[in-house]
Amino acid sequence: MPPAPSRAEAEERDRVDALAPFRERFVLDPDPGAPIYVDGNSLGRLPRSTATRLREVVEEEWGRGLVGSWGQWIDLAVAVGDRLGRALLGAAEGQVLVGDSTTVNLYKLATAVVDVAPAGRTAVVTDAANFPTDRFVLQGIAERHGLELRMIDDDPDADQVAAATRAGDVALVCLSHVAYRSGALLDLRGITDAARVTDTPALWDLSHSVGAVPIGLDDAGVDLAVGCTYKYVNAGPGAPAFLFVRRGLQERLRSPIWGWFGAADQFAMGPEYEPAPGIGRFAAGTPPIPGLAAVDEGTCLLEEAGLARLRDKSLAIGDQVIAHADAVLAPLGFEVATPRLHDRRGSHVSLRHPEAWRLCQALVAELGVVPDFREPDLVRIGITPLYLRFVDAWDAIDRLRLVADERRYERFPVERSRVT
Ligand SMILES: *Cc1c(COP(=O)(O)O)cnc(C)c1O
């Protein structure tokens, strides 16, 4: 077993880290004893520029401009989508729209595809480890359309997707790019290609990869995608999600929600619904303007730092966390549940332990570390390289060691709280 990485090594890496100055661009608690936040994969920190921009949107654009501000707001969902597409998704303009939640966007795109599926396409494929909202939305669609929901094994590879779609009876494959539980990074291109052999569209949920992993949607020939913006994009609680539809597919699909914001000639207020040309047809109602502004700021910050550099730092911190866990946590009953290979790993490391829930409670309550817990036995360490330091990750693992070693979790309840 190689020795544990030292705290001094972590400090040295922070000293030479070119991304270190970005930490100051976020609202931080100045107290040196402030908690170490390793839950940015669940809710990202607040960028300072976003606080400023939101004040402007609220006090100036809304407060003074009132309805006159619609001139600058009306196309914001597409403009912010274009920026997000260019900076974070590798998508050319006119293919990304920001608005609604990931859940609603998934519903809209999955239904749109199922609605036009050729006869004989009687199944929808996803994996058993997919995020609950994805499985539930697909369950509902399958039930209403009389389709089979075909569950394949956790974190599938291209061969498994090829096997599940080979018969040509699948209307849609829907998978998460990075698995929220294991942290596994799926083979976006290989799986998309495998599905395409039988003309099966693939819909990707990018919630855990957007802003963390470079994604080349156009390059990989991806048809459809959705994702949220309050994790690595730092756009805040309930910030609007995005959807992506490949340009060549847009005119063939219709949103199941025929709203006025998705209609051609919106302000004609005519008698019949006619979908707008292009990506705008997937809009439904009035867009959430403050949320869009926050997505814009979060995207700009990531674009400025550069996704390739962010990915390098994320993997380096991940390597440190894994080496540290192998050295000091494995003897205490922990197991690294995240793939070790760089091209198979997203931006969090999941540590499995039978007492994961009580360990998390003790970390938050007594040791000033905020990770999160995922059923049934995972502690997730989220790696957000814009503001997480190597030394933060080192301290988080060291304190986890302390809590486990001294059994300080034993005083905490086994019952789960309302939010975990
Ligand atoms: C976080 C997350 C969501 C969240 O969906 P909401 O509609 O924003 O609540 C959906 N899917 C995945 C894979 C996620 O990680």
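Chains are numbered independently. Their residues run from 1 in the order of the written sequence. Selection of residues for local features in this predicted model requires a pLDDT of at least 70, selection of side-chain atom pairs for listing and counting requires 80 or more, and totals for whole chains, interfaces and linings are taken over all residues. Note that water and hydrogens are dropped before the side-chain values are worked out from all heavy atoms of the structure.

1. Let's talk about the overall build of the protein
Here is step 1: Per the secondary structure count, the protein includes 14 helices and 13 strands.
Here is step 2: In terms of overall size, the protein behaves like a compact globule, its C-alpha atoms giving a radius of gyration of 22 Å where 420 residues would be expected to give roughly 22 Å.
Here is step 3: If one aligns the C-alpha atoms of the protein with their principal axes, the spans along those axes are about 70 × 60 × 40 Å.
Here is step 4: Buried residues are those whose accessible area, probed at 1.4 Å on protein chains only, stays under 20% of the maximum for their type, while exposed residues exceed 50% and partly exposed ones sit between those limits. When burial is assessed residue by residue, the protein has 57% of its 420 residues classed as buried.
Here is step 5: Restricting to contacts in the protein with at least 6 residues of sequence separation, those with at least 24 account for 73%.
Here is step 6: Areas reported here follow the Shrake-Rupley algorithm with a probe of radius 1.4 Å; residue values treat only the protein chains shown as occluding. For the protein, the exposed surface amounts to about 17700 Å²; the carbon and sulfur share of it is 53%. Helix numbers and strand numbers start at the N terminus; a helix is a DSSP run of H or I with at least 4 residues, a strand a run of E with at least 2. Based on C-alpha atoms, the radius of gyration is set beside the globule rule, defined as 2.2 Å times the residue count to the power 0.38. Throughout, a contact is declared for two residues whenever any of their heavy atoms are within 4.5 Å.

2. Details of the packing of aromatic side chains
Here is step 1: Two aromatic rings, drawn from Phe, Tyr or Trp (for Trp, its six-membered ring), form a pair once their centres lie within 6.5 Å of each other, and the interplanar angle then sorts them: stacked below 30 degrees, edge-to-face above 60, tilted otherwise. Applying the stated criterion across every chain yields a total of 8 aromatic pairs.
Here is step 2: For the pair Trp70 and Phe261, a centre-to-centre distance of 6.3 Å together with 50 degrees between the ring planes defines the contact as tilted. A residue pair is termed long-range when its members are at least 10 positions apart, and Trp70 in helix 3 (residues 70–73) and Phe261 in the loop between helix 10 (247–250) and helix 11 (289–305) qualify at 191 residues.
Here is step 3: Its relative accessible area of 13% is what places Phe261 among the buried residues.

3. Digging into helix 7 (residues 158–165)
Here is step 1: Listing the buried residues of helix 7 in full gives Ala158, Val161, Ala162, Ala164 and Thr165. End-on, the buried residues of helix 7 take up no more than an arc of 165 degrees, which puts them together on one face.
Here is step 2: Its side-chain oxygen at 3.2 Å from the backbone nitrogen of Asp159, Asp157 defines the N-terminal cap of helix 7. Think of the arc as the fan of directions from the helix axis to the C-beta atoms. By the criterion applied in these results, polar contacts are pairs of N or O atoms within 3.5 Å in which, for protein atoms, one can donate a hydrogen and the other can accept it, and in which residues neighboring in sequence qualify only through two side-chain atoms.

4. Here we look at the side chain of Ser176
Here is step 1: One can find Ser176 in strand 5 (residues 170–176).
Here is step 2: The exposure class of Ser176 is buried, given its relative accessible area of 11%.
Here is step 3: Within the local environment of Ser176, its side chain forms a polar contact with the side chain of Asn130, the two groups lying 2.7 Å apart.
Here is step 4: Not counting residues up to four positions away in its chain, the partners in contact with Ser176 are Asn130, Asp134, Leu186, Trp204 and Asp205.

5. A few points about the sheet that holds strand 3 (residues 123–127)
Here is step 1: When DSSP locates at least two bridges between a pair of strands, those strands are taken to pair. Pairing in this open sheet of 7 strands is mixed, and the strands run 2-8-7-6-5-3-4 from one edge to the other. Two strands in the sheet have a free side with no partner beyond their single neighbour: strand 2 (96–98) and strand 4 (148–152). The sheet shows a mean angle of 20 degrees between the axes of neighbouring strands, direction not considered.
Here is step 2: Sheet topology note: the strand 7 (residues 224–227)/strand 8 (residues 242–245) ladder contains 4 bridges and is antiparallel. Looking across to strand 8, one finds that Leu224 is bridged to Val245. Orientation is described by lines fitted to C-alpha atoms, with helices fitted over the stretch in contact, and by angles between N-to-C directions that extend from 0 to 180 degrees.

6. What about the site of the ligand?
Here is step 1: Around the ligand, a shell composed of 13 residues is seen, among which Thr103, Asp205, His208, Tyr230 and Lys231 lie nearest.
Here is step 2: Note that a nitrogen atom of the ligand is positioned 2.8 Å from one of the side-chain N or O atoms of Asp205.
Here is step 3: The side chain of Tyr230 places a nitrogen or oxygen atom 2.7 Å from an oxygen atom of the ligand.
Here is step 4: Protein chains bury 87% of the 390 Å² of accessible surface belonging to the ligand in isolation.
Here is step 5: Those elements that provide at least two residues to the shell around the ligand are helix 5 (102–115) and helix 6 (132–145).
Here is step 6: When residues are grouped by polarity, Ala, Val, Leu, Ile, Met, Phe, Trp, Tyr, Cys and Pro land in nonpolar, Asp, Glu, Lys and Arg in charged, and all others, Gly among them, in polar. Among the residues forming the shell around the ligand, the class breakdown is 3 nonpolar, 7 polar and 3 charged. If even one non-hydrogen atom of a residue comes within 4 Å of a molecule or strand, that residue is called near it.

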